[in-house]
Amino acid sequence: MHRADVTRLVHRLLAGSADVEDVVQEVFLQVHKSLKDFRFGSRFSTWLYRVTVNVVLMQRRSARSRPVFIDAVDAPTPRDEALLPDEQAARARRVEALFRLLSRLSDKKRVVYVLHELEGHSPTEIAKIVGAPILTVRTRLFYARRELVQLLHEEPSLARLAVELEASAALPSGADPEKEPA
Amino acid sequence: MLERSQGERVLRAVTDEARRQTGPEPSEALEGRLFDVLASQRVGPSERAPLGRARLVWLAPVAVALGAAAAIALWPAAVDVSKPPVVARQVAGIDGDVVTAERVLTAARESVEVRHAGRAVWRLEPGSQASVLESGSKIRVRLLRGAMRAEVVPDGAPERFVVEAGETRVSVHGTVFRVALEGDESVVDVEHGIVAVAPLRGASLEPLFLRAPSSGRFGSDGRLRTSVASSRPKIERAPHVRRPVSEQPGLPPSARVEPAPPHELTIGEVEAGVATVVQAITRCFHEHTAPEGGVRVTASSTVTMTISPEGAVTDLRFAPPLSPPVQACSERDARTARFARSVGATITRVVELWR
């Protein structure tokens, strides 16, 4: 159960990176090393999330300091300009686009956004996980949302979603958007 | 450029989609790799942590956290020897407490020592193979091939170390002994102390006590074939010794009265008990707090609870204290919470209340 939770959180915090499994392994090694310090002062899951967040941040820091191939640096971030075959694929592309945007946020903002919006933790819990005051968590959340909104237009699939949402909002309730008006 | 409100709607919608997406499945191979890493890191004797709780505490959550709460195999058929064996001769010693349940240990050309900190050390002889079935409060090892010698630290609790060999079950309390598989027979040599030997599948049969120095050869049905004693033959019937109720098939629930040996609370047991206490405190806070004029009342306090070996909450302290009626109600109601039987514990938890 915890393994699935940790894997999901790592995947989200790494914004879809391929290193998920290595990081999950590192999380549990860290749990093994640090468990003697766990004193039931908080829920075990809160403590586990805290370890997970710290390991992910360490991994990202070390990844930044590693030399990267020129190709990788020059390669533009893939954008989803292709036509979407169906709704499921469209959703997957939108989620990928969101992860791309998340990866452009600072670590602190990304962590609180993922923990609150995707994992469903309250600001109080997040404050315990990241070791920051609740007010700071709320502030980071506010700026994370604002930054993401500003970045949305850079992802075509999300811009299309805006058009779709606007179109569906303009329709009278119960109307089928696929149907031609009589 | 998207308008702000429009952008917020899009962000909310796509965030909802991302939340519903389950993400990658955790790899099954991860657990095995992890335990191999841990086993290779923990070479040599490991010291018991100062709290005494550490061994169980880290073992339990790692196992639980990994979803590796493997079903405890009661019968040999459940032992999966097809899993990739840990080739143990590559390391000088193995911490038995970190070996995954049902993983197979193989001693190739050199013997392999497996340690359970503060409890037992067993050595797998060259060419032997065994699997650790349980390494919690009870250690249960199945000898699959060859021979092993075990030294078990004396302990008042029964059935702390069990070796299954062929159809024979050897349980010890504090002793030095060797078990070998020879064809379909098993040979038990007791160097020191006393062991109880019984057929693996015969719950109705009473165990034999082999007292050192002596040895016994047990057949494919787990019954004693021949016994060899050195200076003082001491093979005794032990009619007063009962096998654990969990291993006595056919007993009605009412007959299962044997209490479990005390153990340290697992994280799951702590969380279950603490949840009940926190619920009681929250209920009391709601009953005895009356916010006026739409003002939200919040309180935060660190509660320290003392748990008796029977699982009762014997003491409850709040720092800072709650309002007198809330605290009196909490102290009364929280004491109705029941934890699992254990060696006892003191648990501290921060509770946040609002109304």
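Residues numbered from 1 in each chain as written. Chains lettered and ligands numbered in written order. Predicted model: local features only at pLDDT ≥ 70, side-chain atom pairs only at ≥ 80, totals over all residues. Heavy atoms only, no water.

Novice: So what's going on with the overall build of chain B? Which residues, and what values?
Specialist: Counting its secondary structure elements, chain B contains five helices and 20 strands. Relative to all contacts within chain B whose residues are 6 or more apart in sequence, the contacts with residues 24 or more apart total 54%. Total accessible area computed for chain B in this model is approximately 16,900 Å², and 54% of it derives from carbon and sulfur atoms. (Helix = DSSP H or I, 4+ residues; strand = E, 2+ residues; numbered from the N terminus. Contact = heavy atoms within 4.5 Å. Areas by Shrake-Rupley, 256 points an atom, 1.4 Å probe, with all protein chains shown as cover.)

Novice: Outline the side chain of A:His121, supporting the account with residue identities and numerical values.
Specialist: All names here are of chain A. Along the polypeptide, His121 turns up in the loop between helix H6 (107–118) and helix H7 (123–130). Its relative accessible area of 11% is what places His121 among the buried residues. Aside from chain neighbours lying at most four places away, what touches His121 is Tyr49, Leu115, His116, Ile126 and Ile129. (Buried < 20%, exposed > 50% of the residue type's maximum accessible area, 1.4 Å probe, protein only.)

Novice: Account for the pairing of strand E12 (residues 185–192) of chain B, naming residues and giving values.
Specialist: All names here are of chain B. Pairing geometry for strand E11 (residues 176–182) and E12, over seven bridges, is antiparallel. Residue pairing for E12: Ala180 is matched across the bridge by Val187. Taking the residues between adjacent antiparallel strands as the criterion, E11 and E12 are bridged by two residues, where Gly183 takes a positive phi near 65 degrees. By the bridge criterion, five bridges tie E12 to strand E15 (residues 214–218) in an arrangement that is antiparallel. When the bridges of E15 are listed, Val190 appears paired with Ser214. (Pairing = 2+ DSSP bridges.)

Novice: Could you give an account of helix H5 (residues 87–102) of chain A, with specific residues and numbers?
Specialist: With 16 residues, H5(A) ought to run about 22 Å at 1.5 Å a step, and its terminal C-alpha atoms sit 22 Å apart, in line with that. Those residues of H5(A) that fall on the buried side of the exposure criterion are A:Ala90, A:Arg94, A:Val95, A:Ala97, A:Leu98, A:Phe99, A:Arg100, A:Leu101 and A:Leu102. (Expected span 1.5 Å × (residues − 1).)

Novice: An account of the state of the cysteines is requested, with residue identities and associated values reported.
Specialist: Residues and elements named next belong to chain B. Summed over all chains, the structure comprises one disulfide over all chains. Across the disulfide, Cys284 is cross-linked to Cys329 (sulfur-sulfur distance 2.0 Å). Classification of the bridge connecting Cys284 and Cys329 rests on its S-S torsion, roughly -70 degrees, and on that basis the disulfide is left-handed. Of the two residues, Cys284 sits in helix H4 (residues 267–288) while Cys329 sits in helix H5 (residues 324–334), which places them 45 residues apart along the sequence. Each member of the pair Cys284 and Cys329 is classed as buried. (Disulfide = S-S within 2.5 Å.)

Novice: Describe in detail the packing of helix H1 (residues 2–13) of chain A against H6(A), supporting the description with residues and values.
Specialist: Residue and element names in this part refer to chain A. Their axes nearest at 10 Å, the elements H1 and H6 cross at an angle of 130 degrees. One element, H1, and the other, H6, form an angle in the oblique class. The handedness of the crossing between H1 and H6 is right-handed. Of H6, the residues touching H1 (which contributes Leu9, Arg12 and Leu13) are Arg110, Val111, Val114, Leu115 and Leu118. Looking at side-chain class alone, the contact of H1 with H6 contains six nonpolar, no polar and two charged residues. (Axes fitted to C-alpha atoms, helices over the stretch in contact; angles between N-to-C directions. Parallel < 35°, antiparallel > 145°, perpendicular 65-115°, else oblique. Left-handed = near helix turned anticlockwise from the far one by under 90°. Nonpolar A, V, L, I, M, F, W, Y, C, P; charged D, E, K, R; others polar.)

Novice: Mind laying out the confidence of the model for chain A, listing which residues take part and the relevant values?
Specialist: Residue and element names in this part refer to chain A. Overall, the predicted model of chain A reaches an average pLDDT of 75, with 73% of residues at or above 70. Per-element mean pLDDT across chain A ranges from 37 in helix H4 (residues 70–74) up to 92 in H6. Between residues 66–84, whose pLDDT stays under 50, and residues either more than four places distant or in other chains, the model counts 21 contacts. When the criterion is pLDDT under 50, residues 173–182 qualifies, and its contacts beyond four places in sequence or with other chains add up to one contact. (pLDDT = per-residue confidence, 0-100.)

Novice: Break down the environment of B:Glu151 for me, with residues and values.
Specialist: Residues and elements named next belong to chain B. Inspection of the secondary structure assignment puts Glu151 in strand E8 (residues 147–152). Since its relative accessible area comes to 40%, Glu151 is described here as partly exposed. Sequence-wise, Glu151 and Phe177 are 26 residues apart; in three dimensions their C-alpha atoms are separated by 6.7 Å. The residues touching Glu151, leaving out its near neighbours within four places in the chain, are Arg119, Ala120, Val121, Thr175 and Val176. Polar side-chain contacts of Glu151 include one of 3.0 Å to the side chain of Arg149. (Polar contact = N/O pair within 3.5 Å; in protein donor to acceptor, adjacent residues only side chain to side chain.)

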